Amino acid sequence: MRTTFINPILSVEQLEISSHVMEKPSPIVKDVTFQLYSGEMLALTGPSGCGKSLTAQAVVGLLERECKVTYGNIYYKSENILDYDVKSWQMLRRSDIALLIQHSLNGLNPIRTVKKQMVETMNQNKKWPRKEGNIYLHSILHQVGFSDPDDILSAYPFELSGGMRQRVLLAMMISLKPKILIADEPTTALDVINREKVLTLLKELQYKFEMAILLISHDYENINKYADRVIKMDQGGSII
Ligand SMILES: Nc1ncnc2c1ncn2[C@@H]1O[C@H](COP(=O)(O)OP(=O)(O)OP(=O)(O)O)[C@@H](O)[C@H]1O
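Residues numbered from 1 in each chain as written. Predicted model: local features only at pLDDT ≥ 70, side-chain atom pairs only at ≥ 80, totals over all residues. Heavy atoms only, no water.

(A) Quick peek at the overall build of the chain. For the chain, the helix and strand inventory stands at eight helices and nine strands. Along the three orthogonal principal directions, the C-alpha set of the chain runs to about 50 × 40 × 35 Å. Split into buried and exposed, the 240 residues of the chain put 45% on the buried side. Long-range pairs, those at least 24 residues apart, make up 71% of the contacts in the chain with a sequence separation of at least 6. Just so you have it, the chain exposes about 12,500 Å², and 52% of that area is on carbon and sulfur atoms. (Helix = DSSP H or I, 4+ residues; strand = E, 2+ residues; numbered from the N terminus. Buried < 20%, exposed > 50% of the residue type's maximum accessible area, 1.4 Å probe, protein only. Contact = heavy atoms within 4.5 Å. Areas by Shrake-Rupley, 256 points an atom, 1.4 Å probe, with all protein chains shown as cover.)

In structure tokens, the structure reads:
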């Protein structure tokens, strides 16, 4: 799919996020405006603590209790998703916007096989007949680079390396065919070779699944190599 820079799939406008820890709410992220277009990989970068992760959490309705959006709008396909209730956010995360974060590695249940967890995820949007479901699972695991999906499916998460678990999580997310994947620092804690592997994989998935990817990263060298566009936040949390 070719990216057309006409109608953004996601539009963040003058976003302000404030912390309510103190009596008076104080903005931590201010004036964040950017557009993400269908099928592109957009990198969001900037110094540590400038608010990249908070921006990602706001887009999927997962800000922690003490943080709130205090100004601005977030449009997904022209709909202001800041008006959503809890159920609509859940639906959006289930079928449209997936967020991959480092912490989500712990999101795999340690006492259930990969297969059980993947089947459960896959069936959230559509009940798959067993045979078709199995074929689909295998094909998705192939897409994220597993040459022997059966071994992975029968494994428990603790039997897999961190990199393998990350690919399993990616496979789970991809199985729901999101329109947007937000990958928050997917290469942190990886060595140079594995960083390249993850980014190459994301690039392949971007094309194969016609997904838009918002890549949050500090890895300037690779960002320029893989992203179609790069935007930068400053210390005060605004886009520069
Ligand atoms: N739940 C929270 N309550 C209050 N302040 C928070 C909360 N989460 C993050 N912050 C603060 O908001 C600011 C932005 O944090 P955020 O994690 O979004 O930065 P970041 O740009 O993603 O940083 P990094 O690149 O290091 O991951 C930081 O100063 C952080 O301490």
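Now that the structure has been shown, the text picks up again.
(B) Representation of the site of the ligand. Around the ligand, the surrounding shell holds 15 residues, and the nearest of these are S48, G49, K52, S53 and L54. Here an oxygen atom of the ligand sits 2.8 Å away from a polar atom, N or O, in the main chain of G49. In the environment of the ligand, an oxygen atom lies 3.0 Å from a nitrogen or oxygen atom belonging to the backbone of G51. Top element by residues in the shell around the ligand is helix α1 (residues 52-59). It accounts for three residues. Its residues assigned to classes, the shell around the ligand comprises five nonpolar, six polar and four charged. (Near = heavy atom within 4 Å. Polar contact = N/O pair within 3.5 Å; in protein donor to acceptor, adjacent residues only side chain to side chain. Nonpolar A, V, L, I, M, F, W, Y, C, P; charged D, E, K, R; others polar.)

(C) Seen up close, the pattern of salt bridges. Within the structure shown, the criterion is met by four salt bridges. A salt bridge links E40 to R229; the shortest N-O distance between them is 2.7 Å. Here the residue E40 occupies a position in the loop between β2 (26-36) and β3 (41-45), and R229 occupies one in strand β9 (residues 229-232), the gap between them amounting to 189 residues. Residue E40 is classed as buried on the basis of its relative accessible area of 0%. One salt bridge in this structure joins E196 and K225, with 3.0 Å as the shortest N-O distance. You can see E196 sitting in helix α7 (residues 192-208) and its partner K225 sitting in helix α8 (residues 220-226), a full 29 residues away along the chain. (Salt bridge = Lys/Arg side-chain N within 4 Å of Asp/Glu carboxyl O.)

(D) Quick peek at the pairing of β3. Across the five residues of β3, five count as buried, placing the element largely inside the fold. Both faces of β3 are covered, namely the face carrying M41, A43 and T45 and the face carrying L42 and L44. By the bridge criterion, four bridges tie β3 to β9 in an arrangement that is parallel. Within β9, the position partnered with L42 by the bridge is R229. (Pairing = 2+ DSSP bridges.)

(E) Representation of the pairing of strand β4 (residues 67-76) within the structure. Two strands pair when backbone bridges link them, and strand β1 (residues 10-19) and β4 are joined in this way by eight bridges, in the antiparallel orientation. Following the sheet pairing, S18 is matched in β4 by K68. By the bridge criterion, two bridges tie β4 to strand β5 (residues 79-80) in an arrangement that is antiparallel. Among the inter-strand pairings, Y76 is bridged to a residue of β5, identified as E79. Here β4 folds back onto β5 in antiparallel fashion, the turn holding two residues, of which K77 has a positive phi close to 45°.

(F) Structural detail: the sheet that holds β9. With parallel pairing, the five strands of this open sheet are ordered in space as β6-β7-β8-β3-β9. At either end of the open sheet lies a strand with only one pairing partner, and these are β6 (97-100) and β9. Averaged over neighbouring strand pairs, the angle between their axes works out to 15° when direction is ignored. As defined by bridge partners, strand β7 (residues 180-184) adjoins strand β8 (residues 212-216) across five bridges and the pair is classed as parallel. Its bridge partner being in β8, I182 is matched across the sheet by L214. Helix-sheet contacts for α7 involve β3, β7 and β8, and the interaxial angle to β8 is about 155°. (Axes fitted to C-alpha atoms, helices over the stretch in contact; angles between N-to-C directions.)

(G) Expanded view of the domain arrangement of the chain. Split into domains, the chain comes out as domain 1 (1-96 + 179-240) and domain 2 (102-177). The interface of domain 1 with domain 2 comprises 16 residues on the first partner and 13 residues on the second. The contact between domain 1 and domain 2 buries some 1,200 Å² in all, and 62% of this surface belongs to carbon and sulfur atoms. On the domain 1 side of the contact with domain 2, R94, L201 and F209 bury the most area, a combined 43% of that side's loss. Along the contact surface separating domain 1 from domain 2 lie zero salt bridges. In this assembly, domain 1 and domain 2 are joined by three residue pairs in polar contact (both at pLDDT 80 or more). Of all the elements in the fold, those that place two or more residues in the side of domain 1 that touches domain 2 are α2 (86-95), β7 and α7. (Domains from an automatic or database assignment. Buried area = accessible area lost by both parts, 1.4 Å probe.)

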